[in-house]
Amino acid sequence: MANITKKVSWSGRADESGATGGEGTPLLNGADQPRLSRQDSLRGRPREIPHNDKLLSLKYESLDYDNIENQLFLEEERRMSYMGFRCLEISRWVVCGLIGFLTGLIACFIDIAVEELAGIKYQVIKENIEKFTEVGGLSISLILWAVINCVFVMMGAIIVAYIEPIAAGSGIPQIKCYLNGVKIPRVVRLKTLVVKVCGVICSVVGGLAVGKEGPMIHSGAVFAAGVSQGRSTSLKRDFKIFEYFRRDTEKRDFVSAGAAAGVSAAFGAPVGGVLFSLEEGASFWNQMLTWRIFFASMISTFTLNFFLSIYHKNPGDLSNPGLINFGRFESDSVAYNLYEIPLFIVMGAIGGLLGALFNILNYWLTIFRIRYVHRPCLQVIEAMLVALVTAAVSFTMIYFSDDCQPLGPDHKEEYPLQLFCADGEYNSMATAFFNTPERSVRSLFHNQPGTYNPLTLGLFTLTYFFLACWTYGLSVSAGVFIPSLLIGAAWGRLFGILLASITNSGSIWADPGKYALIGAAAQLGGIVRMTLSLTVIMVEATGNVTYGLPIMLVLMTAKIVGDYFIEGLYDIHIKLQSVPFLHWEAPATSHWLTAREVMSSPVTCLNRIEKVGTIVDTLSDTSTNHNGFPVVVQIADSDEPPKLCGLILRSQLIVLLKHKVFVELARSRLTQRKLQLKDFRDAYPRFPPIQSIHVSQDERECMMDLTEFMNATPYTIPQETSLPRVFKLFRALGLRHLVVADDANRVVGLVTRKDLARYHQGKHGLEELQLTKT
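Given the structure is predicted, the values throughout are model-derived calculations rather than measurements.

Q: Describe the state of the cysteines, listing the residues and the values that go with them.
A: Applying the stated criterion to the full structure yields 1 disulfide. Here Cys404 engages in a disulfide with Cys421; their sulfurs sit 2.0 Å apart. Between Cys404 and Cys421, the disulfide has an S-S torsion of -80° and is therefore left-handed. Here Cys404 is found in strand β6 (residues 404-406), whereas its partner Cys421 is found in the loop between β6 and β7 (425-427), with 17 residues between them in sequence. With relative accessibility at 28%, the residue Cys404 sits in the partly exposed group. Assessed through its relative accessible area of 7%, Cys421 is described here as buried.

Q: Can you break down helix α23 (residues 650-658) residue by residue, with the values?
A: Counting buried residues along α23, 8 of its 9 residues qualify, which places the element largely inside the surrounding structure. All of the buried residues in α23 are Arg650, Ser651, Gln652, Leu653, Ile654, Val655, Leu656 and Leu657. Looking at the buried residues of α23, the elements they touch are β8 (606-607), α22 (612-620), β10 (628-633), β11 (643-649), α25 (677-683) and β12 (703-705). Immediately downstream of α23, the backbone of Lys660 shows phi near 55°, a positive value.

Q: Before we move on, could you go through the confidence of the model for the protein chain and cite the residues and values that matter?
A: Summing up the model confidence of the protein chain, the mean pLDDT is 85 and the portion of residues at 70 or higher is 87%. A low-confidence stretch, residues 1-43 (pLDDT under 50), is modelled with 124 contacts involving residues beyond four sequence positions or located in other chains.

Q: Tell me about the pattern of salt bridges, and please be specific about residues and values.
A: All chains considered together, the criterion is met by 33 salt bridges. Salt bridges sharing partners connect three or more residues here, namely Glu89, Arg92, Arg247, Glu250 and Arg292.

Q: Can you break down the sheet that holds β11 residue by residue, with the values?
A: The strand order across the open sheet built from 3 strands is β8-β10-β11, with neighbouring strands paired in mixed fashion. Because the sheet does not close on itself, it has two edges, and the strands there are β8 and β11. For β8 and β10, the ladder comprises 2 bridges, and the chain directions are parallel. Pairing of Asn607 across the sheet is with Val632, part of β10.

Q: Got a sec to walk through helix α27 (residues 723-733)? Specific residues and values, please.
A: Those residues of α27 that sit buried are Leu723, Pro724, Val726, Phe727, Phe730 and Arg731. In a view along the axis of α27, the buried residues occupy a sector of 160°, so they form one face of it. Within α27, the exposed residues directed more than 90 degrees away from the buried face are Arg725, Lys728 and Ala732. Among the residues trailing α27, Gly734 stands out with phi positive, at a value near 65°.

Q: Just give me the short version of the side chain of Ser475, but keep the residues and values in it.
A: As for its position among the elements, Ser475 is in the loop between α15 (454-471) and α16 (481-502). Judged by its relative accessible area of 13%, Ser475 is buried. A polar atom in the side chain of Ser475 sits 3.3 Å from the side chain of Gln379. Not counting residues up to four positions away in its chain, the partners in contact with Ser475 are Gly156, Ala157, Val160, Ala168 and Gln379.

Q: Just give me the short version of the environment of Gly473, but keep the residues and values in it.
A: Position of Gly473 among the secondary structure elements: in the loop between α15 and α16. With 111 residues separating them along the chain, Gly473 and Asn362 place their C-alpha atoms 7.9 Å apart.

Q: Go over the packing of α22 against α23, please, and point to the residues and values.
A: If you want to describe how two helices pack, look at the angle between their axes and the distance between the axes. Contact pair α22 / α23: the axes reach a minimum separation of 11 Å and the direction vectors enclose 130°. Between α22 and α23, the crossing angle belongs to the class labelled oblique. Once α22 is placed against α23, the crossing between them reads as left-handed. Packed against α22, whose contacting residues are Val612, Ile615, Val616, Thr618 and Leu619, the element α23 presents Arg650, Leu653, Ile654 and Leu657 at the interface. When its residues are assigned to classes, the contact of α22 with α23 shows 7 nonpolar, 1 polar and 1 charged.

Q: Explain the packing of helix α7 (residues 213-227) against helix α8 (residues 248-267) to me, using residue names and the numbers behind them.
A: The interhelical angle for the contact between α7 and α8, taken along N-to-C directions, is 145°, at an axis separation of 7 Å. Between α7 and α8 lies a crossing of right-handed hand. The residues of α8 that touch α7, namely those facing Glu213, Met216, Ile217, Gly220, Ala221, Ala224 and Ala225, are Lys251, Phe254, Val255, Gly258, Ala259, Gly262, Val263, Ala265, Ala266 and Phe267. Its residues assigned to classes, the contact of α7 with α8 shows 12 nonpolar, 3 polar and 2 charged.

Q: Could you give an account of the sheet that holds strand β13 (residues 716-717), with specific residues and numbers?
A: Pairing in this open sheet of 3 strands is mixed, and the strands run β13-β14-β15 from one edge to the other. Edge positions in the sheet fall to β13 and β15 (747-751), since each has one partner strand and no second. The sheet contact formed by strand β14 (residues 738-741) and β15 spans 4 bridges and is antiparallel. In the sheet register, Ala741 faces β15, and the bridge partner there is Val747. Sheet contacts for α27: β13, β14 and β15; angle to β14, the most-contacted strand, approximately 145°.

Q: Please provide a residue-by-residue account of the environment of Pro630, values included.
A: Note on placement: Pro630 falls in strand β10. Through-space distance from the C-alpha of Pro630 to that of Val603 is 8.0 Å; in sequence the pair is 27 residues apart. For Pro630, the residues in contact, after removing those within four places along its chain, are Val603, Thr604, Cys605, Leu606, Leu644, Gly646, Leu647, Val747 and Leu750.

Quick notes on the rules
Residues numbered from 1 in each chain as written. Predicted model: local features only at pLDDT ≥ 70, side-chain atom pairs only at ≥ 80, totals over all residues. Heavy atoms only, no water. Disulfide = S-S within 2.5 Å. Helix = DSSP H or I, 4+ residues; strand = E, 2+ residues; numbered from the N terminus. Buried < 20%, exposed > 50% of the residue type's maximum accessible area, 1.4 Å probe, protein only. Contact = heavy atoms within 4.5 Å. pLDDT = per-residue confidence, 0-100. Salt bridge = Lys/Arg side-chain N within 4 Å of Asp/Glu carboxyl O. Pairing = 2+ DSSP bridges. Arc of directions from axis to C-beta. Polar contact = N/O pair within 3.5 Å; in protein donor to acceptor, adjacent residues only side chain to side chain. Axes fitted to C-alpha atoms, helices over the stretch in contact; angles between N-to-C directions. Parallel < 35°, antiparallel > 145°, perpendicular 65-115°, else oblique. Left-handed = near helix turned anticlockwise from the far one by under 90°. Nonpolar A, V, L, I, M, F, W, Y, C, P; charged D, E, K, R; others polar.

Here it is as structure tokens:
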């Protein structure tokens, strides 16, 4: 039997179950509350927040991905004609088209804003450097560069840290959790979108080692969540359209389309966007959804390219591959030979090792940030410090570099710096540092052989690796795709140059660009552990299918090697946020556990006809804060315990209380309007708290009939069901509650997401996570 840590107390936990609660759960189960100094006590915040990756947060709730089949729902479905269902299907396609259009539009805005602001910044600094190179005083140029970077990064960090902290980072881990069924607060709100867009512009223009592709994926998901509801709860505007889609099941599918549209806009990869949403995001899938998501991705790419062609004064030219333009690889110039495949696999192993190192360093850095850098002011200061160091390191590397290359008539450098090079030459190190990351990647892919010397590439790889590792996790909107590709492209190009130098016939290694491409794929795969989707994204972004096989082999090797040491970067950050994330399968050694051992019990149940006062008291109990309640019925003239007859949610009960759906009022008011599904959809997703519902003392004595509103056919399992079987049923169906009943159909327990997520496979067997309310 596998080892398992001591089971923790589940009393007083704030989860979706109906288990009764006792005392409040401490910050860390089995550990004392952190002792605060008097000064910290007065401020209300500890200097250090205890944290590790063995925690499971109780603050996250689940989404309702299983349709509530009550009488209202079934009556509506039965009344709907075949034409009505066809109209709904057409509406889904329309919504996906709108999602793609808006995502492409916002991608175009981000791209133009970054290009214009970065162009002004680099032009001003370039003129300043050229001026002081001749007369002396380059320290002024360094100060100017650092100040400009700090100002932009400070603005981006302030709006994230003080206005919307959920907009920090790439947003991919949060969207991944949302699609998995976890309700991440404020992740798909309009304010989050505005802060995300403005923040990523400031981060990229501020010169940080970041990309804009992750925020694009998050932005697409926010658009999807908003457009599909036909209203904006933030702006308090209801357009009275798409009301049927106001439930978690439908919104989940549209958010999947939004994430794919974001990838498509970022890389010009519609197929890659679909595969990304499938591989890295969506936990639930069907065939028709695939085509709708592909449609949204195509519309997104077309919209971006159309408006960019107008911006570049070349209307009608839709050949631009996407927001992140890698340029096209020509088949003849970069074809590979079969005997190079082992070399590519070696590069994949190197990418896996470097990716594992990146993730390990970022893991400990994130732990440090959670413990100590938790105040908004400290987060802004850290972001400005990183911006300052990035500018100083970049300037220093350029200043001491003597890698001078001839500036030909067909050069592609946007901002060539001469510095101490001779006339007609430029500093090659500046091409990598004195540029946006996307342009640096493109130069490493396509510049002619001899453009960089090995020392330049080696130093750039080393410094940018640590800068990118330090930057990811700051309180700024930023992605990790492009920094990873840039690091890999640098050491990949270096790999190709060294191969050419140690072989007699260097002509077969003549084009280091292909090794830059393989290195970029290996590094990104070693960090995020994507395989199929990343292969297609790289093929579509570079416009050459020739490298499909090598890239796939490289990514598989990088994933295998990297997984041996540590998880992918997104999974690490999900775990560090203590999110109850359910993976594809239950832990391998969990077959000996049964539903009886993992369920929550005893369970708070409601009678089918319940007293209003009892319902109000149950919902108002802050020590439990449950979200689902089994409904039971007592057999008349029988001493047997009540038996299960349905399940009802907290949100439904609140709507019923708000509309005073009481038995006595229904009898006395013959003209009272019957409650419809529309009333529940109008309250979705921000249901009012129970404290805002006024119930008089007389109303507390009334009765409420739950028959019409409860789910009369909830999923149930026997007590002896094994954990893997419970896990498979719960995850595959997207459940929020799973009732455990005995042979007589009596409720004995309830399984929720946290009951399953607290078990995971550790190094010493099956482990159980500790619980925390933070």
